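Spelled out, the chains give:
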Amino acid sequence: MKTIDTNRRNILKYAGLFASIPFVSQLVDKSTLLAAGANKFSTDLVLNGDVYTAAHWGAMKVSVKNGKIVKSVNAFDGMVYNPLQSVTADLVDGKYTNRIKAPMVRKSYLEKKKNNRELRGADEWVEVSYEQAIKLVADEVARVRKEKGANGIYGGSYGWKSSGNLHNARTLLHRYLTMGGGFVGGLGDYSAGAAQVIMPHVMGTLETYEQQTSWPLIMEHSKVVVIWGANPMDTLRIAWSSNDGVGLEYFTKLKNSGKKIIIIDPIKSNTVAFYGNKAEHIAPKPNTDVAMMLGIIHTMLSTGKYDKEFIETYTEGFDKFADYVMGKTADKTPKSAKWASNICGVSESKIKELADLFFANRTMLMTGYNMQRQHHGEQVHWMTVALASAIGQIGLPGGGFGISYHYANGGSPTTNAPVIGGITVGKASGGGQEWLNDGSSLSIPVARIADCLLNPGKTIDYNGRKITYPEIDLVYWVGGNPFVHHQDTNLLVKAWKKPSTIIVHDMYWTPTAKMGDIVFPITTPYERNDLTMSGDYSNLNINPMKQVVKRMPKSKHDYEVFADLAKVAGFEAQFTEGKSEMQWLEEFYNVAYNQAQKSGALMADGEPMPDFTTFWNANRPLTFAPTEEGLNFVRYGEFREDPILNPLGTPSGKIEIYSETIAKMGYKDCGAYPQWFEPIEWMGMKNKPAEFALVSPHPSLRLHSQLNNTSLRNQYAVADREPIWINPADAKAKGIKNGDIVRVFNKRGQILTGAVVSDIVPKGVIRVYEGAWYDPENPAKENTLCVNGNANVLTIDIPTSELADANIANTALANIEKYKGKAPKLKAFTPPKGAK
Ligand SMILES: Nc1nc2c(c(=O)[nH]1)N[C@H]1C(S)=C(S)[C@@H](COP(=O)(O)OP(=O)(O)OC[C@H]3O[C@@H](n4cnc5c(=O)[nH]c(N)nc54)[C@H](O)[C@@H]3O)O[C@H]1N2
Ligand SMILES: Nc1nc2c(c(=O)[nH]1)N[C@H]1C(S)=C(S)[C@@H](COP(=O)(O)OP(=O)(O)OC[C@H]3O[C@@H](n4cnc5c(=O)[nH]c(N)nc54)[C@H](O)[C@@H]3O)O[C@H]1N2
Ligand SMILES: [Mo]
């Protein structure tokens with residue numbers, strides 16, 4: 001146990017991290033405020049000065065001059081630089097910004113032409129009045145509800161939207177559709193869709209979005225840190241609520257900690273570059289980590305250097321899995337280091353060395369998500385658990401595994417912060433909410449959307465049950481960009497022609513907006529007032545998100561659009577609860593404030609939390625300090641201490657290396673214990689349908705498609721397209737030089753990219769980041785070129801397995817050639833015909 005003194009020291013160190021920003025208590029002279037009257041907060045815009053706001057990429061200080069944004073930086077000085085924070089001005093209005101400036105309707109849709117669906121993406125647009133747009137949407141939603149019921153409306157609307165607990169686009173859509181009588185939703189997410197379904201069977205929890213063993217304990221106890229299929233120096237630039245920045249601080253400190261750092265990634269990612277000679281880089285072939293892990297486990301079982309006692313005490317069915325590893329099951333194949341080496345390309349001796357190293361030292365396996373956005377993606381985190389069980393350090397400080405250190409700052413110690421409220425989905429108007437309780441028949445796995453639109457009535461397997469696709473006639477999308485995020489774009493183009501109506505809200509003419517029928521021009525987060533916490537696991541800060549600039553003339557908040565639609569449908573009072581923007585925010589803030597009043601929780605500077613008016617007027621984030629428990633949190637520590645008293649939420653209460661539940665499902669593509677399955681396309685297959693393994697990880701200088709329309713693009717675009725990384729030997733063989741335009745193609749589609757010839761990718765592998773805006777050369781033609789380089793035009797739209805039905809974005813092969821034609825002009829960042 002830590003003494004109070006060390007804890008206090010830790011807290012002080014922690015507060016030190018954020019010391020560069022004046023605390024609210026230092027800013028506000030309370031006596032003047034009291035004199036001014038307690039409940040006066042200002043919503044006047046700052047015309048010259050600094051405004052504090054926050055985004056997925058963290059808390060920011062935005063400088064304004066004459067009502068225009070001139071600079072935007074981290075709200076806290078001295079933290080690891082995050083370039084995503086620098087382009088706020090562009091997001092409001094820049095060279096590529098491409099704002100939707102007015103409510104618009106597609107011409108042939110407006111004219112009710114019979115073949116209008118065929119013209120989606122290729123049509124002209126017509127500006128309509130806001131009132132007319134509201135009426136069109138309200139009438140159409142009512143029609144579909146009447147004819148098809150809740151089952152006819154798809155509101156899954158997957159996407160990263162913007163930070164903010166009020167202007168939460170997707171929740172607002174769900175609130176409107178729920179109150180109106182229901183909709184078809186989306187199950188799971190694109191991020192960790194396979195892991196979040198398998199892990200509850202194995203560990204009894206979701207695992208993907210849960211707190212990890214705290215970073216201070218990693219720094220103190222881990223001897224070996226394995227960054228496996230993760231690129232934290234890039235991916236920790238963002239978080240779901242807002243980034244607390246702590247993950248980047250710790251991964252930076254780790255560099256010179258003297259620990260053995262191993263990075264396992266086919267590519268020399270920016271994280272590999274960052275650690276340089278302070279880390280060992282091991283490059284397996286893409287999609288082969290499960291085999292590599294098996295080779296390590298086989299070595300451990302063969303040498304006897306594994307933790308038998310841990311396995312006996314804490315796991316279920318390891319013996320059956322061990323039979324598979326040793327080749328005693330039907331396939332008669334020992335999964336030896338040699339066997340693994342043949343598949344993953346890492347040498348037999350290295351695999352054996354890792355087995356010994358992990359067993360002999362306190363080892364933390366930090367995995368990313370990319371490996372599970374692959375065919376049979378369920379297996380990799382299950383296998384990680386099997387490996388960590390053999391090592392036997394789960395539940396020890398600094399040991400075991402953690403699958404979200406790379407994501408939203410897992411391991412950033414949890415603070416004592418009270419939690420603010422947020423807008424909720426609410427209740428169905430007029431009573432019954434049966435459809436919600438029966439979400440099973442009305443939600444489809446998110447990544448099956450194209451399959452669902454194309455095949456109404458089809459029944460699929462999902463995690464032990466059956467789901468029958470409804471017949472969707474109306475798609476309502478806010479806060480997401482499926483024409484960038486979904487696999488096999490050309491299939492989605494076909495699927496998109498099925499519904500009668502597609503409604504999109506966005507700030508920009510994204511490819512998804514261009515593929516809609518009715519679009520609303522939405523305000524950016526810098527044109528509205530909101531609140532968010534930062535630190536998905538730490539709750540480190542409460543951030544004001546003050547309106548920074550005047551809003552674009554015809555733009556609307558998502559909230560306003562839905563409130564107006566609710567009005568037409570007769571449930572406005574229920575939707576708005578009669579509250580204004582600032583009244584909502586005061587209420588959300590007071591949820592936390594009242595909690596703090598009750599518990600006596602103080603902020604990191606030792607002061608009590610200010611009331612809402614003081615907080616809002618002070619215009620600064622509030623910072624809280626980690627608790628003793630937060631600093632000393634060991635994931636599965638209690639389970640390890642007493643597995644009888646603190647069992648896991650699995651059927652056996654133990655770690656299920658063998659799952660009876662999954663065995664009973666009888667799926668061919670997901671067995672009762674973790675296994676190596678050959679992916680549908682990969683480097684080592686026979687009769688490869690294309691030559692190169694396409695890896696499409698998350699972009700360093702964007703959040704998916706967000707920020708593609710900013711000046712950050714100047715830093716990475718090549719020949720005015722998305723870059724493709726090609727190994728020098730492959731480039732030479734294909735006659736491709738740095739800066740050339742490269743056509744990347746396979747049977748699913750074709751894209752144009754700009755060549756970066758570099759040995760950061762191994763031979764036989766190409767990398768195109770996900771997130772480039774889909775830009776069809778001729779939208780009226782099938783399988784037309786995407787001239788901006790959206791990787792998903794080339795990816796495969798099949799499920800990971802019948803268990804999780806998650807996406808397999810990172811399992812694909814493609815060909816490359818130097819593009820010889822005249823380079824088509826980019827239209828990705830210009831409005832469509834008819835729009836200004
Ligand atoms: N090939 C490949 N594909 C992938 C992945 C991969 O690794 N490889 N990764 C997948 C993963 S993990 C994810 S999470 C998805 C991400 O997919 P998305 O979440 O769809 O990606 P974003 O670009 O964040 O899209 C958010 C959209 O919401 C809009 N928006 C922002 N704020 C607001 C708002 O307040 N109101 C409204 N109405 N709109 C707003 C933005 O302008 C943008 O168009 O991509 C997936 N696709
Ligand atoms: N800057 C930035 N940060 C982000 C995002 C973003 O778009 N931009 N997106 C956020 C979201 S929504 C999510 S879900 C997470 C995604 O987090 P991850 O899924 O972990 O991120 P990726 O970038 O897809 O992949 C991480 C690393 O895996 C490597 N990799 C690819 N294939 C393999 C393989 O077969 N084996 C191994 N061992 N490694 C492989 C890639 O080269 C990459 O370096 O990131 C979040 N953070
Ligand atoms: Mo994600």
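Relevant structure appears above.
The present account deals with the structure reproduced in this document. Remember, predicted model here, so these are calculated numbers, not experimental data.

Considerations on the sheet that holds strand 28 (residues 765-767)
- Spatial strand order, 24-28-25-27-26-29: 6 strands in a closed barrel with mixed pairing. Ignoring strand direction, the axes of neighbouring strands in this sheet form an average angle of 45°.
- Sheet topology places strand 25 (residues 723-726) next to strand 27 (residues 749-757); 4 bridges connect them, and they run parallel. By the bridge assignment for strand 27, I724 is matched with A755.

Details of the layout of surface pockets
- Reported here for the largest pocket is a volume of approximately 620 Å³.
- In terms of lining residues, the largest pocket is bounded by 24 residues, among which N632, F633, V634, G637 and E638 are the most central.
- Mapped by element, the contributors of at least two residues to the lining of the largest pocket are helix 9 (215-221), helix 29 (628-631) and helix 30 (637-641).
- Per-class residue counts for the lining of the largest pocket are 10 nonpolar, 7 polar and 7 charged.

Topic: the packing of aromatic side chains
- Taken as a whole, this structure holds 39 aromatic pairs when the rule is applied.
- Between W584 and F588, the ring centres sit 5.7 Å apart and the planes meet at 40°, which makes this aromatic pair tilted. Of this pair, W584 and F588 both sit in helix 27 (residues 581-599), separated by 4 residues, roughly a single helical turn.
- Three or more aromatic residues joined by ring pairs form one cluster here, namely Y154, W477, F483, W496 and Y774.
- Here the guanidinium or amino end of K255 rests over the ring plane of F274, the centre of that ring lying 4.7 Å away.
- We note K320 situated over the ring of Y658; from NZ or CZ to the ring centre the distance is 4.2 Å.

Description of the packing of helix 7 (residues 169-179) against helix 25 (residues 558-569)
- Two elements in contact, helix 7 and helix 25, have axes separated by 10 Å at closest approach and are oriented at 5°. Taken together, helix 7 and helix 25 sit at an angle that is classed as roughly parallel. Residue-level inspection shows A169, L172, L173 and Y176 of helix 7 in contact with helix 25, the latter providing D558, Y559, F562, L565 and A566.
- Of the residues that constitute the contact of helix 7 with helix 25, the class distribution is 8 nonpolar, no polar and 1 charged.

Considering the site of ligand 2
- Taken together, 34 residues lie near ligand 2, and D265, N287, D289, R373 and R702 sit nearest.
- The separation between a nitrogen atom of ligand 2 and a polar side-chain atom of D289 is 2.6 Å.
- Between an oxygen atom of ligand 2 and a main-chain N or O atom of N370, the distance comes to 2.9 Å.
- In isolation ligand 2 exposes 910 Å². Once the protein is present, 99% of that is buried.
- Per-class residue counts for the shell around ligand 2 are 15 nonpolar, 13 polar and 6 charged.

About the thresholds
Residues numbered from 1 in each chain as written. Chains lettered and ligands numbered in written order. Predicted model: local features only at pLDDT ≥ 70, side-chain atom pairs only at ≥ 80, totals over all residues. Heavy atoms only, no water. Pairing = 2+ DSSP bridges. Helix = DSSP H or I, 4+ residues; strand = E, 2+ residues; numbered from the N terminus. Axes fitted to C-alpha atoms, helices over the stretch in contact; angles between N-to-C directions. 1 Å grid on protein atoms, 1.4 Å probe; cavity = no way out; pocket = protein on both sides within 12 Å on 5 of 7 lines; lining within 4 Å. Points joined across faces, edges and corners; volume = space filled by probe spheres on them. Nonpolar A, V, L, I, M, F, W, Y, C, P; charged D, E, K, R; others polar. Phe/Tyr/Trp six-rings, centres within 6.5 Å; stacked < 30°, edge-to-face > 60°. Lys NZ or Arg CZ within 6 Å of the ring centre and 35° of its normal. Parallel < 35°, antiparallel > 145°, perpendicular 65-115°, else oblique. Contact = heavy atoms within 4.5 Å. Near = heavy atom within 4 Å. Polar contact = N/O pair within 3.5 Å; in protein donor to acceptor, adjacent residues only side chain to side chain. Areas by Shrake-Rupley, 256 points an atom, 1.4 Å probe, with all protein chains shown as cover.

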